[in-house]
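Here are the chains, one letter per residue:
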Amino acid sequence: MRIKGVNLGNWLVLEKWMSPSLFDGTTAEDEYYLPRQLPKEVYEARIHIHRSEYITERDFAQIRSFGMNMVRIPVPYFIFGDCPPFIGCINELDKSFNWAQRYGLKILIDLHTVPGSQNGFDNGGLSGVCKWAQQPESVEFTLRLLEKLSERYAEHPALWGIEVINEPLLESAWEFMNIEERYPAVDKEMAEGTAPVTLDFLKSFYIEAYHRMRKYLPEEKAIVIHDGYDLFAWKGFMQEDIYKNVILDTHQYLMFAEQNGCEQNPDGYLRYIKETLTPEIEEMSRYFPVICGEWSLFNSFVCGHDTKGGQSVLNGIQCSLTEAFSPEEKKKIYRQLAEAQLTAWEKGLGHFYWNYKLLLDTVNEPAWIGWDCWDFGRCIASGWFPSDRQV
């Protein structure tokens, strides 16, 4: 099955930039500090309202109407409600499976956060801290959680697969991502010892996770491993016959290409997609079925300024105050980039756009010019995503 999917980010795992009002009245930059800076009743009310309204049955019907056949759902490590002060969300995930089945969609569960954080990103739940791999109790907690998710949904017809862990940050990408400066830790003592995940550890973790999950998951359900931002590191890994239906996930954003020196203009982006990205997907497809679990049309050119890897005014980046292009020019640029990237993903098993929606006013707030393309619904409505590629 060729995957044509979209992420349901910022639903069960919060990202401040995608829904700033949830963080009103706090200085919290991530989900870890939000319940620690709000009164318990305020925090719980905000979370319950957000979860009940942000994604509903109607959204699953809408996604299917867009021509998508799958959703990737990021979930937090506290999904079962066993990590106070966080509120569990297993009921919401249960509902999503029933909605998906009703509207003919499959689900990829994505374990997006873990205790101690696997990357130090704000979307990892704890900015500037990356110590999960150094904490045996956190690793074991994660393995048990993967077992519980596998057992719970193993026989559900809407389950396509489970992603072991989202974006563990390997040594090869640590300096490139500039974690400690881009995501400064609030608690320096907590962050002490922060370090990237080693390749040897991650390989061992993936093997252990595979065996624990396969106790429950039938072979037709995929087990997905993320490349840790080092795509070629996985050549020859898990190629033995005992490993069944293992999928390699890579996240590819044009803002990363910009950080690597890609020219910030359409020709530069298209050249990068054709000459670098497409051959890489083709090469790794010799070892695994490859999915692009996250991508978007976002780029600095349309924003009108260098975003320095997708940073915004929240990071203190100077933004453009007026649109750099007319709607017609913008549509032409985005359509070209969409066609080229979709062609690249077709060299693998398929793709999941990031993200289905976001709660930002990109029309009345100049600081968010160019950020509208993170919202798949807006891409469809504006004609940026080619309609003949949807079905």
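Since this is a predicted model, take the numbers as computed values, not measurements.

Student: Quick one: what's the story with the overall build of the protein chain, residue by residue and with numbers?
Tutor: For the protein chain, the count of helices and strands is 14 helices and 8 strands. For a compact globule of 391 residues, the expected C-alpha radius of gyration is about 21 Å, and the protein chain comes in at 20 Å, within 12% of that figure. Summarising its shape, the C-alpha atoms of the protein chain cover approximately 55 × 50 × 45 Å along the three principal directions. In the protein chain, which comprises 391 residues, the share counted as buried stands at 60%. Long-range pairs, those at least 24 residues apart, make up 77% of the contacts in the protein chain between residues at least 6 apart in sequence.

Student: Summarise the sheet that holds strand β7 (residues 290-295); cite the residues concerned and give the values.
Tutor: Read around the closed barrel, the 8 strands follow the order β1-β2-β3-β4-β5-β6-β7-β8; overall the barrel is parallel. Ignoring strand direction, the axes of neighbouring strands in this sheet form an average angle of 25 degrees. As paired strands, strand β1 (residues 3-7) and strand β2 (residues 70-75) are joined by 3 bridges and run parallel to one another. Considered in β2, the bridge of Val6 is made with Val71.

Student: So what's going on with the state of the cysteines? Residues and values would help.
Tutor: Within this structure, the stated rule accounts for 0 disulfides. For the unlinked cysteine Cys262, the closest cysteine sulfur is that of Cys303, found at 14 Å. Exposure remark for Cys262: the relative accessible area of 11% places this residue in the buried category.

Student: Which residues make up the pattern of salt bridges, and what values do they have?
Tutor: In total, this model carries 19 salt bridges according to the counting rule given. A salt bridge links Arg72 to Glu163; the shortest N-O distance between them is 3.1 Å. Separated by 91 residues along the polypeptide, Arg72 in strand β2 and Glu163 in strand β4 (residues 159-163) bring together distant segments of the chain. For Arg72, a relative accessible area of 0% translates into the label buried. Each of Glu140, Arg144, Glu147, Glu208, Arg212 and Lys215 takes part in a single network of salt bridges with overlapping partners.

Student: Give a detailed account of the side chain of Asn10, specifying residues and quantitative values.
Tutor: When you line up the elements, Asn10 lands in the loop between β1 and α1 (34-37). Classification of Asn10 as buried rests on a relative accessible area of 1%. Here Glu15 takes part through its backbone nitrogen, which lies 2.9 Å from a polar atom of the side chain of Asn10.

Student: So what's going on with helix α4 (residues 90-103)? Which residues, and what values?
Tutor: Compared with an ideal rise of 1.5 Å per residue, which puts 14 residues at 20 Å, α4 spans 20 Å between its outermost C-alpha atoms and is within 8% of the ideal. Taken together, the buried positions of α4 are occupied by Ile90, Glu92, Leu93, Ser96, Phe97, Trp99 and Ala100. Elements in contact with the buried residues of α4: α2 (40-54), α3 (57-65), β2, β3 (106-111), α5 (136-153) and β4. Gly104, located one to two residues past α4, shows a positive phi value of around 75 degrees.

Student: Break down the environment of Glu258 for me, with residues and values.
Tutor: Inspection of the secondary structure assignment puts Glu258 in helix α10 (residues 254-259). By relative accessible area, which is 8% here, Glu258 ends up buried. Sequence spacing of Glu258 and Glu167 is 91 residues, and the spatial spacing of their C-alpha atoms is 19 Å. Ignoring any residue separated from it by four or fewer positions in sequence, one finds Glu258 in contact with Gln264, Tyr269, Asn299, Ser300, Phe301 and Thr307.

Student: So what's going on with the packing of α3 against α4? Which residues, and what values?
Tutor: Following both chains from N to C, one finds α3 and α4 inclined at 40 degrees, their axes separated by 9 Å at the closest point. Like other packed secondary-structure pairs, α3 and α4 cross with a definite hand, here right-handed. Taking contact as the criterion, the partners of Glu57, Phe60, Ala61 and Arg64 in α3 are, on α4, Ser96, Trp99, Ala100, Arg102 and Tyr103.

Student: Can you lay out the nonpolar core for me, pointing to particular residues and giving the numbers?
Tutor: Residues Leu93, Ile109, Val164, Phe205, Trp234 and Leu297 are the most contacted members of the largest nonpolar core, which totals 131 residues. Per-element accounting of this core gives the leading share, 8 residues, to helix α13 (residues 327-345). What Val164 contacts, discounting residues up to four positions off in sequence, is Leu111, Leu146, Phe205, Tyr206, Ala209, Met213, Ile223, Val224 and Ile225. Counting 9 residues, the second largest nonpolar core, distinct from the first, contains Ile3, Leu108, Val224 and Ile247.

Student: Tell me about α5, and please be specific about residues and values.
Tutor: Between its first and last C-alpha, α5 extends 26 Å over 18 residues, near the 26 Å set by a 1.5 Å rise per residue. Among all positions in α5, only Ser138, Val139, Phe141, Thr142, Leu143, Leu145, Leu146, Glu147, Leu149, Ser150 and Tyr153 are buried. Check the buried side of α5 and you find it contacts α4, β3, β4 and α9 (199-214).

Student: Pulling in residues and values, what's your account of the environment of Ser21?
Tutor: Secondary-structure assignment places Ser21 in the loop between β1 and α1. For the pair formed by Ser21 and Phe97, sequence separation is 76 residues and the distance between their alpha carbons is 28 Å.

Student: Account for the side chain of Arg214, naming residues and giving values.
Tutor: Following the sequence through the fold, Arg214 ends up in helix α9. Despite being buried, Arg214 has no salt bridge partner; Glu219 is the closest side chain of opposite charge, sitting 6.2 Å away. A distance of 3.1 Å separates a polar atom in the side chain of Arg214 from the backbone oxygen of Pro218. The contacts of Arg214, once residues within four sequence positions are left out, are Glu219, Lys221, Ile223, Lys244 and Asn245.

Conventions used here
- Residues numbered from 1 in each chain as written.
- Predicted model: local features only at pLDDT ≥ 70, side-chain atom pairs only at ≥ 80, totals over all residues.
- Heavy atoms only, no water.
- Helix = DSSP H or I, 4+ residues; strand = E, 2+ residues; numbered from the N terminus.
- Rg over C-alpha atoms; globule rule 2.2 N^0.38 Å.
- Buried < 20%, exposed > 50% of the residue type's maximum accessible area, 1.4 Å probe, protein only.
- Contact = heavy atoms within 4.5 Å.
- Pairing = 2+ DSSP bridges.
- Axes fitted to C-alpha atoms, helices over the stretch in contact; angles between N-to-C directions.
- Disulfide = S-S within 2.5 Å.
- Salt bridge = Lys/Arg side-chain N within 4 Å of Asp/Glu carboxyl O.
- Polar contact = N/O pair within 3.5 Å; in protein donor to acceptor, adjacent residues only side chain to side chain.
- Expected span 1.5 Å × (residues − 1).
- Left-handed = near helix turned anticlockwise from the far one by under 90°.
- Core = buried A, V, L, I, M, F, W, Y, C linked by side-chain atoms within 4.5 Å.
- Lys, Arg positive; Asp, Glu negative; His and termini not counted.

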